[in-house]
Amino acid sequence: MTESEGKPTWQQIEIGAIITEPGSARQYQTGDWRTQRPTYAHERCIKCGLCSIYCPEGCIEPNEEGYFEADLFYCKGCGICARECWTKAINMVEEE
Amino acid sequence: MTQRVGIEVSRAVAIAARLANVDVVAAYPITPQTHIVEDLSEMVASGELDASYIPVESEHSAMSSCLGSAAVGARTFTATASQGMELMHEVLYVASGMRLPIVMAVANRALSAPISIWGDHSDVMSVRDTGWIQIFVTNGQEAFDNIFCAFRIGEDRRVLLPVMIHLDGFQLTHVIEPIYLEDQDKVDKFLPPNEYPLPLDPDRPVTMGAFGPPDIYTEVKKAQDVVLTSSKEVILEAWKEFGDIFGRYYSPIQCYRCEGAKVLLMTMGSFSETAMSAVDAMRDDGNAVGLLNLRLWRPFPFAEIRQAVKDIDVLIVFDRALSFGGPGGPVCSEVRSALYNLDKKPKVVGFVGGLGGRVVSLAGFREIIERGTRIAKEGTEQEFEMFGVRE
């Protein structure tokens, strides 16, 4: 057995794998699928928010200064934001 | 008062569903299941049955509707056969995976091509691994009785699984048999209301049928397998209580005239009664033969089968379905596998026949038993032999 820590055993699974806690998908770290990570050149960003609209994960929001950035807990690294960015402010780099 | 009446078995099955007080019937008509759902539709239209009848556009939709109604905790019934069951195939897995206690009568019929509306067990075997509890019935009374048992078993908190009742197309669905149609009071005593523990309810929101990533799927399937296997205890309990109330007792395998027999034939469904007559005739001639009528197909009754064959020399298994290019009859292949690790086991001889409505007569079963015994004696068993095929 590997990586079993904190995960339910078969005896602990709810009937038919029903999820009884609403909104629990929030806990699902899709960010660990990522092989590429978005990086930002804020000097080119016009804060248009198109990246946020195109993000299939819905994980891009403005930071305190109004620059749009992905939440890396959820960002799968698909690169759609970089492709759609008008000003080429987003650049995808390999995850280490 | 309980009355014994001559009635078409399909109509008796519909009456059983009514007496079980079903809330929802979602079904699409297909030969030879049609009379079951036609009658239920009329009962709902006339007000005789207070239920919703959903006239869906296909079997895929029928089973999908059943998922929804079972998920809100409604007692849900449907029926199908053959191509219809194939069309709902993918949804069958969802019903068992989501642990929804739907009951479905299956009027067993062959699969195309060529088109055959007649009976065999090809449709049963194609859904063997869908995770449903599956019970074969031998006659009309068993079909009627097991509708109640199916709801009682499936809805039990320790089980929560869908249940198929397999009744042979035409040979059962379209014959008129004398059947004890039971009282509502007695049925209510046996069958408590359905109380699904986690129904869809806006006041207590849950997510059903969600994504199961690799780190959870295996555990869910293990849990599902354990619950299906251990449902046998609940099935035995339900059949016992059914017998105590109604006077008719059922078991995973019916051993017919097995006392002192060294050769046993195994059959399932309506053909078992013909095979019993063959056994009677052979017993009259002084042959120590008997019959195992397999009722419980899933969960597979390993212990009962091993017990039933422990003192015999030859077991002949007659299948009404063919695993093409494989071991022949699916039941025979599972029985063989169940016995393989035993030190002392009978020789197993498999026959496949009765396909697409082909009749196997009393004389036919006699021939099967005699031929099977000879093959075992000569030691020339193969995977299977096709019975009654023109060469």
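Since the structure is predicted, the reported quantities are computational estimates derived from the model, not experimental observations.

Thresholds applied
- Residues numbered from 1 in each chain as written.
- Chains lettered and ligands numbered in written order.
- Predicted model: local features only at pLDDT ≥ 70, side-chain atom pairs only at ≥ 80, totals over all residues.
- Heavy atoms only, no water.
- Axes fitted to C-alpha atoms, helices over the stretch in contact; angles between N-to-C directions.
- Helix = DSSP H or I, 4+ residues; strand = E, 2+ residues; numbered from the N terminus.
- Parallel < 35°, antiparallel > 145°, perpendicular 65-115°, else oblique.
- Left-handed = near helix turned anticlockwise from the far one by under 90°.
- Contact = heavy atoms within 4.5 Å.
- Domains from an automatic or database assignment.
- Buried area = accessible area lost by both parts, 1.4 Å probe.
- Salt bridge = Lys/Arg side-chain N within 4 Å of Asp/Glu carboxyl O.
- Polar contact = N/O pair within 3.5 Å; in protein donor to acceptor, adjacent residues only side chain to side chain.
- Nonpolar A, V, L, I, M, F, W, Y, C, P; charged D, E, K, R; others polar.
- 1 Å grid on protein atoms, 1.4 Å probe; cavity = no way out; pocket = protein on both sides within 12 Å on 5 of 7 lines; lining within 4 Å.
- Points joined across faces, edges and corners; volume = space filled by probe spheres on them.
- Expected span 1.5 Å × (residues − 1).
- Buried < 20%, exposed > 50% of the residue type's maximum accessible area, 1.4 Å probe, protein only.
- Phe/Tyr/Trp six-rings, centres within 6.5 Å; stacked < 30°, edge-to-face > 60°.

## Focus: the packing of helix H10 (residues 271-284) of chain B against helix H13 (residues 362-378) of chain B
Residues and elements named next belong to chain B.
Next, step 1: One way to put it is that H10 packs onto H13 with a least axis distance of 8 Å and a crossing angle of 70°. Overall, the two elements H10 and H13 adopt an arrangement that is roughly perpendicular. As for how H10 packs across H13, the hand of that crossing is right-handed. Counting all contacts with H10, which are made through Phe 271, Thr 274, Ala 275, Ser 277, Ala 278, Val 279, Ala 281 and Met 282, the residues of H13 involved are Leu 362, Phe 365, Arg 366, Ile 369 and Glu 370.

## Some points on the domain arrangement of chain B
Residue and element names in this part refer to chain B.
Next, step 1: As assigned here, chain B comprises domain 1 (3-246) and domain 2 (253-386).
Next, step 2: Each partner contributes residues to the interface: domain 1 has 30 residues there, and domain 2 has 25 residues.
Next, step 3: Summing both sides of the interface, domain 1 and domain 2 together bury roughly 2200 Å²; the carbon and sulfur share of this comes to 58%.
Next, step 4: Residue Glu 304 is joined to Lys 232 by a salt bridge in which the shortest nitrogen-to-oxygen separation is 2.8 Å.
Next, step 5: The tally of links from domain 1 across to domain 2 stands at 14 residue pairs in polar contact (both at pLDDT 80 or more).
Next, step 6: Elements with a minimum of two residues in the side of domain 1 that touches domain 2: helix H6 (122-126), strand S6 (133-136) and helix H9 (214-246).
Next, step 7: Per element, the largest residue contribution to the side of domain 1 that touches domain 2 is seven residues, and it comes from H9.
Next, step 8: Residue classes in the side of domain 1 that touches domain 2 are distributed as 14 nonpolar, 10 polar and six charged.

## Description of the layout of surface pockets
Next, step 1: Here the largest pocket is characterised by a volume of approximately 1100 Å³.
Next, step 2: In terms of lining, the largest pocket is formed by 33 residues, of which the most central are A:Ala17, A:Ile19, B:Phe211, B:Pro213 and B:Ile216.
Next, step 3: Mapped by element, the contributors of at least two residues to the lining of the largest pocket are helix H5 (89-97) and H9 of chain B.
Next, step 4: The residue makeup of the lining of the largest pocket, split by class, is 17 nonpolar, 11 polar and five charged.
Next, step 5: In terms of residues, the lining of the second largest pocket owes the most to one element, H6(B), which gives three residues.
Next, step 6: The residue makeup of the lining of the second largest pocket, split by class, is 12 nonpolar, six polar and three charged.
Next, step 7: Viewed by domain, the lining of the second largest pocket spans two of them, domain 1 (3-246) and domain 2 (253-386) of chain B, each represented by three or more residues.

## Topic: helix H3 (residues 59-71) of chain B
All names here are of chain B.
Next, step 1: For H3, built from 13 residues, the straight-helix expectation of 18 Å at 1.5 Å per residue is met to within 8% by its first-to-last C-alpha distance of 18 Å.
Next, step 2: All of the buried residues in H3 are Glu 59, Ser 61, Ala 62, Met 63, Cys 66, Leu 67, Ser 69, Ala 70 and Ala 71.
Next, step 3: Sitting at the head of H3, Ser 58 places a side-chain oxygen 3.2 Å from the backbone nitrogen of His 60.
Next, step 4: Phi turns positive one or two residues past the end of H3, at Gly 73, with a value near 95°.

## Quick look at the packing of helix H1 (residues 9-19) of chain B against helix H2 (residues 34-46) of chain B
Residue and element names in this part refer to chain B.
Next, step 1: Across the interface, H1 lies against H2 with an axial gap of 8 Å and an inter-helix angle of 45°. Judged by the inter-axis angle, H1 sits oblique to H2. Pair H1 / H2 crosses with right-handed handedness. On H2, the residues touching Ser 10, Arg 11, Val 13, Ala 14, Ile 15, Ala 17 and Arg 18 of H1 are His 35, Ile 36, Asp 39, Leu 40 and Met 43.
Next, step 2: Here the residues of the contact of H1 with H2 are counted per class, giving seven nonpolar, two polar and three charged.

## Examining the packing of aromatic side chains
Residues and elements named next belong to chain B.
Next, step 1: For the coordinates displayed, the defined rule picks out 14 aromatic pairs over all chains.
Next, step 2: Both rings, one in Phe 144 and one in Phe 148, keep their centres 5.2 Å apart while their planes meet at 90°; by these two values the pair is edge-to-face. A residue pair is termed a helical-turn pair when its members lie 3 or 4 positions apart in one helix, as Phe 144 and Phe 148 do in helix H7 (residues 140-155) at four residues.
Next, step 3: A relative accessible area of 0% places Phe 144 in the buried class.
Next, step 4: Measuring from centroid to centroid gives 5.2 Å for Phe 318 and Phe 365, while their planes differ by 75°, and the two rings are edge-to-face. Placement of Phe 318 in strand S13 (residues 314-319) and of Phe 365 in helix H13 is noted, with a sequence separation of 47 residues between them.

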